[in-house]
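Tertiary structure, described
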Amino acid sequence: MSNVKQINIFQSLYERGSLPMEFAHSKIMDTSLQFDAYSWAKQGKYAFSCRLIPSYFIIDQAKSSYNIKTVDQHNWGYSIDLSNCSSIDDYLSSQFKSKPRSIIRRYVNRLEACFSISYKLYHGELEKEVYYDVFDALRNMIKKRFQERKETHKEMWRWEALKQNTYQQILNKQASLFVIYDGTKPIEISLNYHLGPVLFSSVSSYDLDYGKFGLGHVEIYKQLEWCLSNGYRLFEMGVGGMDYKRKWSNHIYQFSHWIITPKENLLLGLVGKIELWKVRLKEYLKSKKVNEFRDKLKENFNFGKAKKIVLEEIDFSTEAVNGQTNLQMLTLLTPKEVEQIEGLRKAINDFLYTNTLAYSKIKVYKDNSNSRCFLIGYNYKGKDQFTKITHK
């Protein structure tokens, strides 16, 4: 049995809301926090290796009975500090130049113009049936999105545990689900955790059929609106620098790793020194990108694992129809039939985005003479127009 207890502080903070008793007196952004604290003493005598401690998390070090050594990690966190903002427009003006601001607002406005959009943040009250529907929709979005990217989402291995644990956390206001609906259909979902003045957007995904509408940006935009209306000061996006995080973040910080040992135990002091050198070596190798080389090597050799699923691309072309259209050669499709034809809904949504047309104002037809051809009928400036969509 190891004499070192490994603790992911970031995960313990947000997902479990619990920390060792020695961390019970802590603060985030000058806000004192209350945790479900557990005692290390009850677990026996150990050295503690605490990773992913965010820089804005202030731990009370008044305990004189412990030695604490720190190592800067080569892991960065991305967040949005709203302390000096009174509105979403304030933040956009301070963070983005004119063109990116215009693009973000266009995403929001065009999404709302093209579909029957509503926004809902479930925080405190949520019917269990709705919860399971939303959670399952999030899982399906993630699976499809990561299959397209030929990757596996890091949370899939523990998805059922997340699903079982999160419902009560939402009722307790420790977590929430933010959902963008098109009518009654979820098209973007974010699983969040709440801690003091912080909302942590932990897991999110969107319906690929709406990819043209920048739903990731719309989600952040709308959640920031909610944070500002409800007194939150930090929108946390967690570890890892994906492009959208870099664009939105005004507070990029470095995590640290703490090795904590009781002063009176010389043996654990030695154990702690060994752990300290292990952590330093690991961080040095990360600084030299050895971990990235290792991951690429694993991917190339695959080590006997099953091959990743690759989605076949469904590609459509669009062109305007000139002249008369013979409706007798066409079959009107219902919305349900449109959804059942793979790739068609995405092609239609892309067309709607480009032309700022409402989905409710168009009709979709199947060409009876060509199974690979569909037509979109709509009224433009008082005239009936048709656009042909062809599966390549």
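Structure's up top.
An account of the accompanying structure is given in this report. Sequence order as written defines the numbering, with residues in each chain counted from 1. In view of the model being predicted, local features appear only for residues whose pLDDT reaches at least 70, and side-chain atom pairs are presented and counted only at 80 or more, with totals across whole chains, interfaces and linings using the full set of residues. Working from all heavy atoms in the structure, the side-chain values ignore hydrogens and water.

1. Digging into the sheet that holds strand 9 (residues 185-195)
Pairing between two strands is assigned when DSSP locates at least 2 bridges connecting them. Only DSSP runs of H or I reaching four residues or more are called helices, and only runs of E reaching two or more are called strands; each is numbered from the N terminus. Here nine strands make up an open sheet; going across it, the order is 1-4-12-6-11-10-9-8-7 and the pairing mixed. Looking at the sheet topology across the chains shown, the edges are occupied by strand 1 (4-8) and strand 7 (117-122). Across this sheet, the average inter-strand angle for adjacent strands is 30°, counted without regard to direction. Where helix 1 (residues 9-16) meets the sheet, its contacts fall on strand 1, strand 4 (47-53), strand 9, strand 10 (198-206), strand 11 (234-239) and strand 12 (251-262), and the angle it forms with strand 1 comes to roughly 55°. Helix-sheet contacts for helix 3 (residues 98-114) involve strand 7, strand 8 (175-182) and strand 9, and the interaxial angle to strand 7 is about 110°. Note on method: axes are straight lines fitted to C-alpha atoms, helices fitted across the in-contact stretch only, with angles between N-to-C directions ranging 0 to 180 degrees. Contacts are residue-level and defined by heavy atoms, with any inter-residue pair within 4.5 Å sufficient.

2. Structural notes on helix 6 (residues 215-229)
In this analysis, the expected span of each helix is defined as 1.5 Å times one less than the number of residues it contains. For helix 6, spanning 15 residues, the distance from its first C-alpha to its last is 21 Å, which sits close to the expected 21 Å at 1.5 Å a residue. Three exposure classes are used, based on accessible area relative to the maximum for each residue type with a 1.4 Å probe and protein chains only: buried under 20%, partly exposed in between, and exposed over 50%. All of the buried residues in helix 6 are Leu 215, His 217, Val 218, Glu 219, Ile 220, Tyr 221, Lys 222, Gln 223, Leu 224 and Cys 227. Two residues or fewer past helix 6, Gly 231 is found with a positive phi of approximately 80°.

3. Here we look at the nonpolar core
Among the buried residues, those of types Ala, Val, Leu, Ile, Met, Phe, Trp, Tyr and Cys that are joined through side-chain atoms within 4.5 Å form a nonpolar core. Among the nonpolar cores identified, the biggest contains 50 residues, and Trp 248 and Ile 348 are the most heavily contacted of them. Apart from residues lying up to four places away in sequence, Ile 348 is in contact with Val 338, Tyr 359, Ile 362, Val 364, Ile 376 and Ile 389. Tyr 56, Phe 57, Trp 159 and Ile 189 belong to the second largest nonpolar core, which has 47 residues in total.

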